[in-house]
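What follows is each chain in one-letter form.
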Number of protein chains: 4
Amino acid sequence: MLISRFIAVRKRTEWIAAPLNIEDYVVQPVEYVSPPKWHLGHTTWFFETFILKPNLNGYREFDPNYNYIFNSYYETVGARVIRTDRGNLSRPSVEDIYRYRKHVDEAMAALLSSPSGLTEDLRDTVILGLNHEEQHQELLFSDMKYILGHNPLFPPYRLQMNKVKIIYNEKWDYLTMDEGIYEIGHKGKGFCFDNELGRHKVYLQEYQLSRNLVTNAEYMEFIDAGGYTDFRYWHAEGWEWVNREKINAPMYWHLVDGVWHTYSMDGLVPVELSTPVVHVSYYEAHAYAEWKNERLPTEFEWEAASPQLLYGKRWEWTENAYLPYPGFTRAAGALGEYNGKFMVNQMVLRGWSTFTSPGHSRHTYRNFFHPHLRWQFTGIRLAR
Amino acid sequence: MLISRFIAVRKRTEWIAAPLNIEDYVVQPVEYVSPPKWHLGHTTWFFETFILKPNLNGYREFDPNYNYIFNSYYETVGARVIRTDRGNLSRPSVEDIYRYRKHVDEAMAALLSSPSGLTEDLRDTVILGLNHEEQHQELLFSDMKYILGHNPLFPPYRLQMNKVKIIYNEKWDYLTMDEGIYEIGHKGKGFCFDNELGRHKVYLQEYQLSRNLVTNAEYMEFIDAGGYTDFRYWHAEGWEWVNREKINAPMYWHLVDGVWHTYSMDGLVPVELSTPVVHVSYYEAHAYAEWKNERLPTEFEWEAASPQLLYGKRWEWTENAYLPYPGFTRAAGALGEYNGKFMVNQMVLRGWSTFTSPGHSRHTYRNFFHPHLRWQFTGIRLAR
Amino acid sequence: MLISRFIAVRKRTEWIAAPLNIEDYVVQPVEYVSPPKWHLGHTTWFFETFILKPNLNGYREFDPNYNYIFNSYYETVGARVIRTDRGNLSRPSVEDIYRYRKHVDEAMAALLSSPSGLTEDLRDTVILGLNHEEQHQELLFSDMKYILGHNPLFPPYRLQMNKVKIIYNEKWDYLTMDEGIYEIGHKGKGFCFDNELGRHKVYLQEYQLSRNLVTNAEYMEFIDAGGYTDFRYWHAEGWEWVNREKINAPMYWHLVDGVWHTYSMDGLVPVELSTPVVHVSYYEAHAYAEWKNERLPTEFEWEAASPQLLYGKRWEWTENAYLPYPGFTRAAGALGEYNGKFMVNQMVLRGWSTFTSPGHSRHTYRNFFHPHLRWQFTGIRLAR
Amino acid sequence: MLISRFIAVRKRTEWIAAPLNIEDYVVQPVEYVSPPKWHLGHTTWFFETFILKPNLNGYREFDPNYNYIFNSYYETVGARVIRTDRGNLSRPSVEDIYRYRKHVDEAMAALLSSPSGLTEDLRDTVILGLNHEEQHQELLFSDMKYILGHNPLFPPYRLQMNKVKIIYNEKWDYLTMDEGIYEIGHKGKGFCFDNELGRHKVYLQEYQLSRNLVTNAEYMEFIDAGGYTDFRYWHAEGWEWVNREKINAPMYWHLVDGVWHTYSMDGLVPVELSTPVVHVSYYEAHAYAEWKNERLPTEFEWEAASPQLLYGKRWEWTENAYLPYPGFTRAAGALGEYNGKFMVNQMVLRGWSTFTSPGHSRHTYRNFFHPHLRWQFTGIRLAR
């Protein structure tokens, strides 16, 4: 039932935010981190704008100003708030935003339980809205971690999650894949984003993928070997980034009395050696691979091998820029802006992470970020 | 009694902040506006650092991290938070800061009511701390106004104040002051800041000061006459500022259906014609005077004439840069940083404003801001 | 004979620079344009550093400071001049740099005519040096055009070149290519850059490529249709670029009395309608294609179809980010930095332009620039 | 005779520039340094614009584009070149600019020798133009020094000047001046700038001025005592400047094998101990005085004492911001922009330097620069 899925997804967002103080909802420490309250409002705005206003007879808009405040990149719909300004808006209050959510949820419940049912188009838009909210759920995790993890008090964010336990296995080796033609892209009738469509053949040379992700212990070897101070491992722009930003370890790592610590959801703790490294940029992932005399997988290699890989703890950087598949076309209207407009200057990540919403992952999923960003739950898999 | 004054000043800060939402305490929309919660913490930190820790036996520091978080410019005391980072700190929470205030206030009450009394030095430091907090009370008003007045919802800040009513009087003319020697600077035993000390003689030529401040109606004439588009009235740096920042009216003014409105403490309201103009920069004050073929007063002209002026609604820009008086010396220790280190690139303002704390004003008071800033309650008086 | 090719390439660089005033050699109007004198010195430094100093017995270095001044990105060899500082260096003089060229050319002539001959490695490095200089020859053209074309006097740069005449042909249609496996990458024993190596199979879906490049007349239709003011055709970052930089036409275009003019090597002249459009960024190329409901070719589509295309007037933007081929490996030592370190955030261009040095072009050639740059001789081919 | 003075001043400019390479005329290493060729053109443009075009019958403008290129701050006259763009203009060529000078000089000679003579107004404008050119002569020295002194080759600028020799005298002490009324400002019929006019009385407290300027040896003591690393001596903005720009010595000083060297007009040479320190900012001058527990003079103290001071080797920073004298009025028309528009955010310097043009100095002269600038020939005198 769509309505029960709707309720579950919407509740999960609020469950994620529950441990926050009101103050935590408001701040925007850097341009690419959004205030948590914005995520709560923006995901709600999606349903109000694309579903309720055009489709629910007699729907009363909660507040016309919210369109301006919670619009993201949908240029078709109206002027959007300049991104860097989000952290300046103390109003609407967190309480108002929860009232907004309630208002929209009740109207959605009415619509979704209407006896006449929904058109298939409308159903698809609701499902897109839920997937959109699930994307923001993971962003909510990473943004909260940034906000609390860059506070000098290192306050823990206490949330009980069932953690997927994936053990690094020293005996595991590299998986070898044969040269040949593989099919890439989404198949079947389930939901996917527009950027996964256009299933098509690619030709791959023989290749090998590590079954394990790179661990913290392995990454420390790179640090100890001077990886951050030897330009030979880095892209020219990566090297400038390392020097300009004074990068010498993954994000959240602090050397305390000679021991690497990291900010985790429980506060500042020693780095666990056997855990996959997380919060590295594409530049760092690439430099690590260069130092090992290996390389990162392409997204096609990854997808073709994925049934035989163990993954799901970290988003994995690939050696691919984010580009359209052959035959990529944008949806008509405002939703057509969903993915295509970001297909420049970003790198593809595959897999999913501990913080990806349940049911939101697919082995054809194409995540993407700029190569210098590392506040997402990003890790490294090697290829040969 | 010092203790009752202490309690009154500390309470007034909290009374000013009372109408705020928790969210409003946190944001920092521009570098020169501090989050309200920072003002509440920083003024408290002053008493803890300069009075309680060195003087109250057995005083327990509330939280050692707070020294780092709430330090302002006192380089002697320790590393300070980079100013632009203040708006990123969601913790300590507002509740924690009020607990911090309570903790310090109780310890201060104990100290101030100690039967042995205070040394004169200590007494002076307490009084300096109270004057320091009163300065931050006015900053609290102007920062809150900035935060709420730059929110697209224009939320009112509801606080009942007894407003000083000063009427513009068309019949009033210019006051003429004789050429001669005048004495400038603080006299007597009451409190003053270090920058007012060193009473000394200055020689003034004959001059005239307007008894009235420039009103909104008069300032609109400047706008209508193209004042913002004619470089001849502006300093070169002021002209660059006008063009770079696209300035065409005082801060908070918005043209709504052809009528000038302004954000006030009650929300967006039409501009009152007979009220003194407020929220103009030194550049604008100077350009207005040029356009009128007059000039701004010097701070010495202002002080010499002040007994015959009606003032107290607006801080008044003068034609003086903020420089030391002859014989200016800095206090020893950390408090010596109080004023001297800002004596470059800023302009002096005289008088006081509607939002200046009661009892905090003196006709020898030297306020100072950079010439492009206008979020303070700044107005214009003309001289010839 | 290598020596005669050496002499010819070196002379051609000086022939290109011959029409310049001494003043023109010195300026650097933007960070990505190098002063012409730097190109003359840097290409010479390559031969001195990688060939003469390690291989010519008794070679006397011209000036040890030049290593610092004319180094480019070769981090292995030594500290390099910060790029944006190049335009500040009035010394060494242009005359000194020509003396430097002469000094190195004489030593190279001695080496190249040595009776014992060259090792194959050394020979390869000389050939790489010549290809390196040919790359800078085209940069010299585009940098000179930028310098003179952004001068308010629009001085012509008079050089007689035999212009390749390629006629736009209205009857030409789209070339259709079959789905299937194609081989990509350099084949054979001739010179190529490291980024072309690793010939490999790719699988392409059926596709069509326009035989003609987009003309100025066609591009004007895009302008007239409001292409620069409709965000729907643009990448999000392209749209920010258009707005931030106030872009409304190709670089060098000026609307004079309602007629589009362009700065050409002969000064400011009316835009020729039937000529392929030039000096567009990837963002513009992509937006044009979106507006036509078509797309840009991939670099593999381009290479596979190239024997049947007419090209060679413009570098053609492709829909590919610049990434390593399977099996890409860097050369050992300083020359290993040649290409790999730039494989992020840049887009591939294929073909060549009117200003590419003779003999320097290959249909496997991979040129690359950032998507916002357009001072190169870049044009548009459409695909379906 | 005005004509012979005209010829002498114009020739002196070219004599100063004579040792330059053509390349040296073109570069602009930082925004506040102008390319030498711009000085040559701009001073000529002054005579063409304000004298020849309105007054010489039949005068033929050399090139209408030059008004745009060589305009400085005279907003009344037309659009001016954005300052930071000056270093991008390779044309007009240096040769063209010398032809421009010749063209204007011949026309000026015709005008100045006209039998009917000049009106007094016109005569005054010519004299202003000559003083304007003399100001640019000193800027030409300081800009050339910056250009050559920031080149890694440290090329000497060889010009034979008769150097004024002023000896530091250890026995000299402080001059004491009585409290009382002094007259300040220009007196008499000779030329002065508008900012010196309005002779008026000031009241000064008793004060003492050092007869000697601070020497390099004395300044080294400040460095050795950690003056650049102790915030207590610095303005808050000065301290930010020191840290942001990594300042640890006067401009042009380099520690070579443990010995302070400085770039001089003869290249890199050891710092002379007994010479007055030069190329310090106001921030440094102020910090030095703080460290000595003294202060800088005010401009009024300086002017009142000047007949008893030995000066003329360095421009001397005062403790005064650059503000208008009582009764300051701007001239009508474009020339009215000469000084008034800069009267904000700058500090006054008094005296003159070794490189000030002969006859250009007055003890009422008010020079001014921003407090962080130090490429002028600026030094330190102490006051008490």
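Computed from a predicted model, the values in this text were never measured in an experiment.

**Student:** With reference to specific residues and values, describe the overall build of chain A.
**Tutor:** When helices and strands are tallied, chain A shows 9 helices and 11 strands. On C-alpha atoms alone, chain A measures out to a radius of gyration of 22 Å, which is about the 21 Å that the 2.2 N^0.38 rule sets for 384 residues. Summarising its shape, the C-alpha atoms of chain A cover approximately 65 × 50 × 35 Å along the three principal directions. Within the span of chain A, comprising 384 residues, buried residues form 62% of the whole.

**Student:** Outline the relation of the copies chain C and chain D, listing residues and values.
**Tutor:** The two copies are related by a screw motion: chain C maps onto chain D through a turn of 180° and a shift of 0.0 Å along the axis, at an RMSD of 0.0 Å. Seen this way, the second copy is the image of the first under a two-fold rotation axis. Within chain C, Glu 23 of chain C has its C-alpha nearest the rotation axis, a separation of 2.9 Å. When the interface residues of chain C are mapped onto chain D, 100% of them are again interface residues, pointing to one common binding face.

**Student:** Run through the packing of aromatic side chains, naming residues and quoting values.
**Tutor:** This structure, assessed with the given rule, holds 160 aromatic pairs over all chains. Here Tyr 219 of chain B and Tyr 288 of chain B contribute two aromatic rings whose centre-to-centre distance is 5.7 Å and whose plane-to-plane angle is 25°, an arrangement assigned as stacked. Pair noted here: Tyr 219 of chain B is in helix α6 (residues 216-224) and Tyr 288 of chain B is in helix α8 (residues 282-291), with a separation of 69 residues, a long-range link. Judged on exposure class, the residue Tyr 219 of chain B and its partner Tyr 288 of chain B are both buried. Between Phe 62 of chain D and Tyr 66 of chain D the ring centres are 5.5 Å apart and the planes differ by 55°, which places this aromatic pair in the tilted class. Three or more aromatic residues link up through ring pairs in this structure, and these residues are Tyr 219, Phe 222, Tyr 228, Trp 234, Tyr 288 and Trp 291 of chain A.

**Student:** Quick rundown of the interface of chain C and chain D? Include the residues and the values.
**Tutor:** Across the boundary between the two partners, chain C contributes 27 residues, which contact 27 residues of chain D. Taken together, both faces of the contact between chain C and chain D bury some 2300 Å²; the carbon and sulfur share is 59%. The three residues of chain C that bury the most area against chain D are Glu 23, Arg 91 and Leu 153 of chain C, which together make up 30% of that side's buried surface. Inspection of the region where chain C meets chain D yields 2 salt bridges.

**Student:** Quick rundown of helix α7 (residues 236-245) of chain D? Include the residues and the values.
**Tutor:** Residues of α7 of chain D that are buried include every one of Ala 236, Gly 238, Trp 239, Trp 241 and Val 242 of chain D, and no others. Residues of α7 of chain D that are buried make contact with α8 (282-291) of chain D.

**Student:** Can you lay out the sheet that holds strand β11 (residues 378-379) of chain D for me, pointing to particular residues and giving the numbers?
**Tutor:** All names here are of chain D. On the basis of which strands lie adjacent, the open sheet formed by 4 strands has the order β10-β9-β8-β11 and mixed pairing. Edge positions in the sheet fall to β10 (367-369) and β11, since each of these pairs with one other strand and no more. Bridge count between strand β8 (residues 315-321) and β11: 2 bridges; the pairing is parallel. Paired with Glu 316 across the bridge in β11 is Gly 379. Along the sheet, α8 makes contact with β8 and β9 (347-351), crossing β8 at roughly 85°.

**Student:** So what's going on with the UniProt feature "domain: Sulfatase-modifying factor enzyme-like" (unreviewed entry) in chain A? Which residues, and what values?
**Tutor:** Mapped onto the present numbering, the UniProt feature "domain: Sulfatase-modifying factor enzyme-like" (unreviewed entry) falls at residues 177-321 of chain A. Between the C-alpha atoms that bound residues 177-321 of chain A the distance is 22 Å, and the span itself is 24% helix and 25% strand.

**Student:** Lay out helix α2 (residues 36-55) of chain C with the relevant residues and their values.
**Tutor:** In this model α2 of chain C runs 28 Å from its N-terminal to its C-terminal C-alpha over 20 residues, within 8% of the 28 Å that 1.5 Å per residue would give. Along its length, α2 of chain C shows its largest kink, about 35°, at Glu 48 of chain C.

**Student:** I'd like a rundown of the domain arrangement of chain A, residues and numbers included.
**Tutor:** Residue and element names in this part refer to chain A. Taken domain by domain, chain A holds domain 1 (2-149) and domain 2 (174-379). On a C-alpha basis, the centres of domain 1 and domain 2 stand 27 Å from each other. Across the domain 1/domain 2 interface, buried area totals approximately 2500 Å², and carbon plus sulfur atoms make up 64% of it. Summed over the three residues of domain 1 that lose the most area to domain 2, namely Tyr 32, Glu 138 and Lys 145, the buried surface amounts to 28% of that side. Where domain 1 packs against domain 2, one counts 0 salt bridges. Counting every contact that joins domain 1 to domain 2 gives 13 residue pairs in polar contact (both at pLDDT 80 or more). For the side of domain 1 that touches domain 2, the secondary-structure elements that each account for two or more residues are α2 (36-55) and α5 (120-149). Tallying contributions element by element places α5 first for the side of domain 1 that touches domain 2, with 17 residues. Its residues assigned to classes, the side of domain 1 that touches domain 2 shows 13 nonpolar, 8 polar and 6 charged.

**Student:** Quick rundown of the sheet that holds strand β5 (residues 253-256) of chain A? Include the residues and the values.
**Tutor:** Residues and elements named next belong to chain A. Read from one edge to the other, the open sheet built from 3 strands follows the order β5-β6-β7, with strand pairing classed as antiparallel. Single-partner strands in this sheet number two, and they are β5 and β7 (267-270). In this sheet, neighbouring strand axes are inclined to one another by 40° on average, regardless of whether the strands run parallel or antiparallel. For β5 and strand β6 (residues 259-264), the ladder comprises 4 bridges, and the chain directions are antiparallel. Paired with Val 256 across the two strands is Val 259, which belongs to β6.

**Student:** A description of the packing of helix α1 (residues 2-17) of chain C against helix α5 (residues 120-149) of chain C should follow, citing residues and the corresponding values.
**Tutor:** Residue and element names in this part refer to chain C. Where α1 contacts α5, the two axes come as close as 10 Å, and the packing angle between them is 15°. Comparing the axis directions of α1 and α5 gives the class roughly parallel. Helix-helix and strand crossings are classified by hand; for α1 and α5 the assignment is left-handed. Contact with α1, carried on its side by Leu 2, Arg 5, Phe 6, Val 9, Arg 10, Arg 12, Thr 13 and Ile 16, involves Arg 123, Val 126, Ile 127, Leu 130, Asn 131, Glu 133, Glu 134, Gln 137, Leu 140, Phe 141 and Met 144 of α5 and no other residues of that element. Partitioning the contact of α1 with α5 into residue classes produces 10 nonpolar, 3 polar and 6 charged.

Cut-off values and rules
- Residues numbered from 1 in each chain as written.
- Chains lettered and ligands numbered in written order.
- Predicted model: local features only at pLDDT ≥ 70, side-chain atom pairs only at ≥ 80, totals over all residues.
- Heavy atoms only, no water.
- Helix = DSSP H or I, 4+ residues; strand = E, 2+ residues; numbered from the N terminus.
- Rg over C-alpha atoms; globule rule 2.2 N^0.38 Å.
- Buried < 20%, exposed > 50% of the residue type's maximum accessible area, 1.4 Å probe, protein only.
- Least-squares fit on C-alpha atoms with pLDDT ≥ 70 in both.
- Contact = heavy atoms within 4.5 Å.
- Phe/Tyr/Trp six-rings, centres within 6.5 Å; stacked < 30°, edge-to-face > 60°.
- Buried area = accessible area lost by both parts, 1.4 Å probe.
- Salt bridge = Lys/Arg side-chain N within 4 Å of Asp/Glu carboxyl O.
- Pairing = 2+ DSSP bridges.
- Axes fitted to C-alpha atoms, helices over the stretch in contact; angles between N-to-C directions.
- UniProt positions renumbered as here; feature names shortened; annotations may be inferred.
- Expected span 1.5 Å × (residues − 1).
- Bend = angle between axes of the 7 residues up to and from the residue.
- Domains from an automatic or database assignment.
- Polar contact = N/O pair within 3.5 Å; in protein donor to acceptor, adjacent residues only side chain to side chain.
- Nonpolar A, V, L, I, M, F, W, Y, C, P; charged D, E, K, R; others polar.
- Parallel < 35°, antiparallel > 145°, perpendicular 65-115°, else oblique.
- Left-handed = near helix turned anticlockwise from the far one by under 90°.

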